[in-house]
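# Report on the structure
Here's the letter readout for the chains.
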Amino acid sequence: MANMKTKFSAIGGNSAGFRLLVVMLGLLSLGGFWSAYMMYLHGHHITGMTNAIPWGFPIVMAVYLIGLSAGSLVLSALSSVFGRTEFKPLARISALLAALLLIGALMCIILDWGRPDRILVPFFSMNPRSMFSLNGMLYSAYIGICFVYLWAMFNNREKLVKLLGYTAVFWAVLVHSGTGAIFGFVGARELYSSPLLPPSFIAAALSSGTALMIMVLYGTFKLTGRALDDELIRRLGLYLAAFIVVVAYLVFIENVTRSYWPGNYAVQKFLLLSGNKYSLIFWIGMIGCGLLFPFVILANPATGKSVKWILFASALVVIGVLAERYIIVIPGQVMPMEMFPGYHIAGPFQDGRVIDYCISPMEILFGAGILSFVFFLYALGLKFFEMMPDKAVIDEGTAGEKK
Amino acid sequence: MSELDRRSLLKMGAAAIAGTVIGNGITLYSASAHAGEEQNASADTALEIPPKGKARWGMVIDNNKCTAQCTACTAACRTENNVPAFGDERYDGHWIRKVTLTPERGGPEKHLPLLCNHCEQPPCQHVCPVAATFTRHDGIVMIDKHRCIGCRYCMIACPYKARTFVFKETTEWTNRDVPKRSHGVVEKCTFCAHRIDQGKIPACVEACDKSGERAMIFGDLNNPESAIVKYIRAVATKGVREDLGLEPKVFYTGI
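The shown structure was predicted, so the numbers you read here are calculated from the model rather than taken from an experiment. The residue numbering used here restarts from 1 in each chain and proceeds along that chain's sequence as written. Chain labels run from A onward and ligand labels from 1 onward, assigned in the order the entries are written. With the structure being a predicted model, the display of local features is reserved for residues of pLDDT at least 70 and the display and counting of side-chain atom pairs for 80 or more, all residues being used for whole-chain, interface and lining totals. The basis for every side-chain value is the complete set of heavy atoms in the structure, and neither hydrogens nor water enter the calculation.

### Examining the overall build of chain B
Basically, it comes down to this: Secondary structure elements follow DSSP: runs of H or I of four or more residues count as helices, runs of E of two or more count as strands, with numbering from the N terminus. Relative accessibility decides the category of a residue: with a 1.4 Å probe and only protein chains considered, values under 20% of the type maximum give buried, values over 50% give exposed, and everything between is partly exposed. Whether two residues touch is decided by their heavy atoms; if any such pair falls within 4.5 Å, the residues are in contact. Residue burial considers only the protein chains on display, and all accessible areas are found by Shrake-Rupley using a 1.4 Å probe.
A tally of helices and strands in chain B yields seven helices and nine strands. Sorting the 255 residues of chain B into buried and exposed places 57% on the buried side. Restricting the contact set of chain B to residue pairs at least 6 apart, pairs at least 24 apart contribute 62%. For chain B, the exposed surface amounts to about 10400 Å²; the carbon and sulfur share of it is 54%.

Here it is, written out as structure tokens:
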């Protein structure tokens, strides 16, 4: 097979454009670290978080980045695990991005702690009943697996690559189930508690991750002047459409189940029908951008074959899933918890009313900074390691067999 | 003997017991400071400490006695535990807070304090990634503030909003027996464990007694002779969100 002999090389990275990109990403990363340092120094009151909303945008970003990482890893495993050899040229960069996105996610979580200086504590005192503690182990191992997987690919250990590919896919399922469980296992909050969160987390991870990879691949190949077969983008577009259907189904079931039970009328009304910013983000961001519009674009034969339209649909999904992560994390805290049925409660802890949460500039700087840091490392990875294939073109012979 | 005299006498008894404490909250031995009719709910200012692991401290709050304007318990807690008040409801620490309940179908308002329920099955402890939240031998749920990383997962898991994050550096240090609150970690009610170890009842209960409302009873739920158990046996009490099955140890009457 021609694809087996794909040549990988490092990009030159000497152009003014590349340097400008790296400097810009670096500066943005510094901005993110500065905001994290300010949060540590002055306390979290400089963010939009309050005692009633203890988890803000950094946690949204963390679960979002974890999700994005999954799509990259699955794309990387398509050739070794699922036998789609036409994706082999993309395996290295996808595995690299999978690892980096998860590093970014971990940084979002840790730098958001009140005491990030206690970074070593979780290693020495664990709580196997805590989803956070378990996920800490799952995430660290996942990053490790990604790097060993990369190493195996660099050294052409075909058998090891296959084994690690399987391990990585299995581990990704664990990682994303575990992340969904952080919220799904919380029994005290109606909008969190759900056994569907782990699977719908995996599904949204696959859709957003695939969408991001479509954009990153297109961008990377364009900027480095290498040939990327349109057919590869189209096939990824098909996967994306399939993932969107699964996400839509799970979101539908979850909300119908919750809406059916009278005890949940208040929260569901708040989330779906109230017309506040949360229901707007739900309908326009999560349903519109994340599911409906991209699906129509991808399923419509007139647009689904066009690379430009697929890129547009991917951008919508990447935004839509960020909205979905926001809807998972925030509204569950904004709604008051029903402690005394039959009574209105008022108290000094903002009791008994819907509490407004606005993402603060500090948190935006934080989130944008960490995301920039991920791509800063990605750009350096392409420069210093033999990540990029000379071209990613479907060989006529193999493509015919596989199709 | 007037109530006041009796109480000061009991206080002296409590101080005597405090003298037997040998560091680190380990109590060697403490005898009942009072007997017979003194073990009356409202006059219970000294505690009988059972052997290690035998006690299960609990609290009853009689909502019929708690009035709107009284803030004795919350003020006492703030002073006793150096709980920060920044004058901003978004960041103020609350170990115990007074809430107002207005019945949806009309009727008189109810006022009651909410605090950590020291659940037998504490979800905050279950979710803590570093096991900084733990249950003491006598059932008190506590936070090791030197181990807490400030991830705030416990605040998400607690159905009572009993936990607050220290959002800013605090300067208040009203009681030198209790550490100053340090920013970046989660804090909550300890049932005044440091006082219990000295044979004293929690500051909020003491303040409630002093205010004359006597709406709170504190005692050992494992001791069938304690005032709190006698009260629970005689009067219908209710925990908040008992449906969650967390077995809270703060009981309310009149809600």
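From this point, the narrative continues.
### Considerations on the interface of chain B and chain A
Counted only if it meets this: What counts as buried area is the accessible surface, traced by a 1.4 Å probe, that two parts surrender upon association, with contributions from both included. Any carboxyl oxygen of Asp or Glu within 4 Å of a side-chain nitrogen of Lys or Arg constitutes a salt bridge here. In protein, a polar contact means a hydrogen-donor-capable atom and an acceptor-capable atom, both N or O and within 3.5 Å, with residues adjacent in sequence counting only if both atoms are side-chain atoms; elsewhere, any N or O pair within 3.5 Å suffices. In this count, Pro and Cys sit with the nonpolar residues alongside Ala, Val, Leu, Ile, Met, Phe, Trp and Tyr, while Asp, Glu, Lys and Arg are called charged and the others, Gly among them, polar.
Counting from both sides, the interface comprises 51 residues of chain B and, opposite them, 51 residues of chain A. For the chain B face of the interface with chain A, the top three residues by lost area are Tyr153, Ile156 and Lys161 of chain B, together amounting to 16%. Note that aspartate 351 of chain A is salt-bridged to arginine 97 of chain B, the shortest N-O span being 2.6 Å. At the boundary of chain B with chain A, the tally comes to 34 residue pairs in polar contact (both at pLDDT 80 or more). Of the residues belonging to the side of chain B that touches chain A, the class tally is 27 nonpolar, 10 polar and 14 charged.

### So, the nonpolar core
Nonpolar side chains in soluble globular proteins tend to end up buried together. Defined as follows: Definition used in this section: a nonpolar core is a set of buried Ala, Val, Leu, Ile, Met, Phe, Trp, Tyr and Cys residues joined via side-chain atoms within 4.5 Å.
The biggest cluster of nonpolar side chains holds 153 residues, and the ones touching the most others in it are Trp55, Leu97, Phe183, Leu217, Val329 and Tyr378 of chain A together with Tyr153 of chain B. Element by element, the count of residues in this core is highest for helix α3 (residues 91-112) of chain A, at 16 residues. Tyrosine 378 of chain A has contacts with Ile93, Leu96, Leu97, Leu100, Val216 and Thr220 of chain A, leaving out every residue within four places of it along the chain. Of all hydrophobic cores here, the second largest spans 42 residues; its members include Tyr343 of chain A together with Ile140, Ala162 and Ala193 of chain B.

### Side note on the confidence of the model for chain A
The condition that has to hold: Known as pLDDT, the predictor's per-residue confidence is scaled from 0 to 100.
For chain A, mean pLDDT is 91; residues scoring 70 or higher make up 97% of the total. Below a pLDDT of 50 lies the segment residues 399-403 of chain A, which in the model reaches seven contacts outside its immediate sequence neighbourhood of four places, other chains included.

### A look at helix α5 (residues 131-154) of chain A
Think of an α-helix as turning once every 3.6 residues; residues three or four places apart then point the same way. Residues and elements named next belong to chain A. Stated formally: The length a helix should cover is 1.5 Å for every residue beyond the first.
If you check α5, its first and last C-alpha atoms are 34 Å apart, about what 24 residues at 1.5 Å a residue would give, namely 34 Å. The N-terminus of α5 is capped by serine 130, whose side-chain oxygen sits 3.2 Å from the backbone nitrogen of phenylalanine 132. At the C-terminal side of α5, asparagine 156 shows a positive phi close to 55°.

### Some thoughts on a nonpolar patch on the surface
Residue and element names in this part refer to chain A. Here is the rule we go by: Patch construction takes residues with relative accessible area above 30% that form no salt bridge. Like charges are linked within 9 Å, and nonpolar side chains (Val, Leu, Ile, Met, Phe, Trp, Tyr) are linked within 5 Å.
The grouping of Ile119, Leu120, Phe123 and Phe124 at the surface amounts to a nonpolar patch, some 460 Å² of accessible area in total. Inspection of the secondary structure puts phenylalanine 124 in helix α4 (residues 121-124). According to the relative accessible area criterion, phenylalanine 124 is exposed, its value standing at 70%.

### With respect to the packing of aromatic side chains
The test is simple: When the centres of two rings from Phe, Tyr and Trp lie within 6.5 Å, Trp using its six-membered ring, the rings pair. Their planes under 30 degrees apart give stacked, over 60 give edge-to-face, and anything left gives tilted. Whether a charge sits over a ring comes down to the Lys NZ or Arg CZ being within 6 Å of the ring centre and within 35 degrees of the ring normal.
Counted according to the given criterion, the structure contains 17 aromatic pairs over all chains. Taken together, a centroid distance of 5.1 Å and an interplanar angle of 85° make the contact between phenylalanine 191 of chain B and phenylalanine 218 of chain B edge-to-face. One end of the pair, phenylalanine 191 of chain B, is in the loop between β7 (186-188) and α5 (193-196); the other, phenylalanine 218 of chain B, is in strand β8 (residues 216-220), and 27 residues separate them in sequence. The buried category is assigned to phenylalanine 218 of chain B, whose relative accessible area is 2%. Each residue in the set Trp55, Phe132, Phe183 and Tyr192 of chain A together with Tyr153 of chain B is aromatic and connected to the rest through ring pairs, giving one cluster. When the ring centre of phenylalanine 384 of chain A is taken as reference, the NZ or CZ atom of lysine 383 of chain A above it lies at 5.7 Å. Directly above the ring of tryptophan 173 of chain B sits arginine 176 of chain B, whose terminal nitrogen or CZ lies 4.1 Å from the centroid.

### Looking at the pattern of salt bridges
Side chains that differ in sign of charge can pair as their charged atoms come close. All names here are of chain A. This structure, assessed with the given rule, holds 23 salt bridges over all chains. Between arginine 235 and glutamate 86 there is a salt bridge, and its shortest N-O distance comes to 2.6 Å. With arginine 235 in helix α8 (residues 230-260) and glutamate 86 in the loop between α2 (57-80) and α3, the pair connects residues that are 149 residues apart, well separated along the chain. If you follow the salt bridges from partner to partner, you end up with Arg84, Glu86, Glu231, Arg234 and Arg235 in one network.

### Re the sheet that holds β8 of chain B
Residue and element names in this part refer to chain B. Quick note on the threshold: Paired strands, as defined in this entry, are two strands with at least two bridges between them according to DSSP. The convention used is that axes are lines fitted to C-alpha atoms, helices contributing only their stretch in contact, and that angles between N-to-C directions extend from 0 to 180 degrees.
Ordered in space as β8-β1-β9, the three strands form an open sheet in which the pairing is mixed. Because the sheet does not close on itself, it has two edges, and the strands there are β8 and β9 (250-253). On average, each strand axis in the sheet is inclined to that of its neighbour by 20°, with strand direction left out of account. The pairing of strand β1 (residues 57-62) with β8 spans five bridges and is antiparallel. The residue bridging isoleucine 61 from the neighbouring strand is methionine 216, located in β8.

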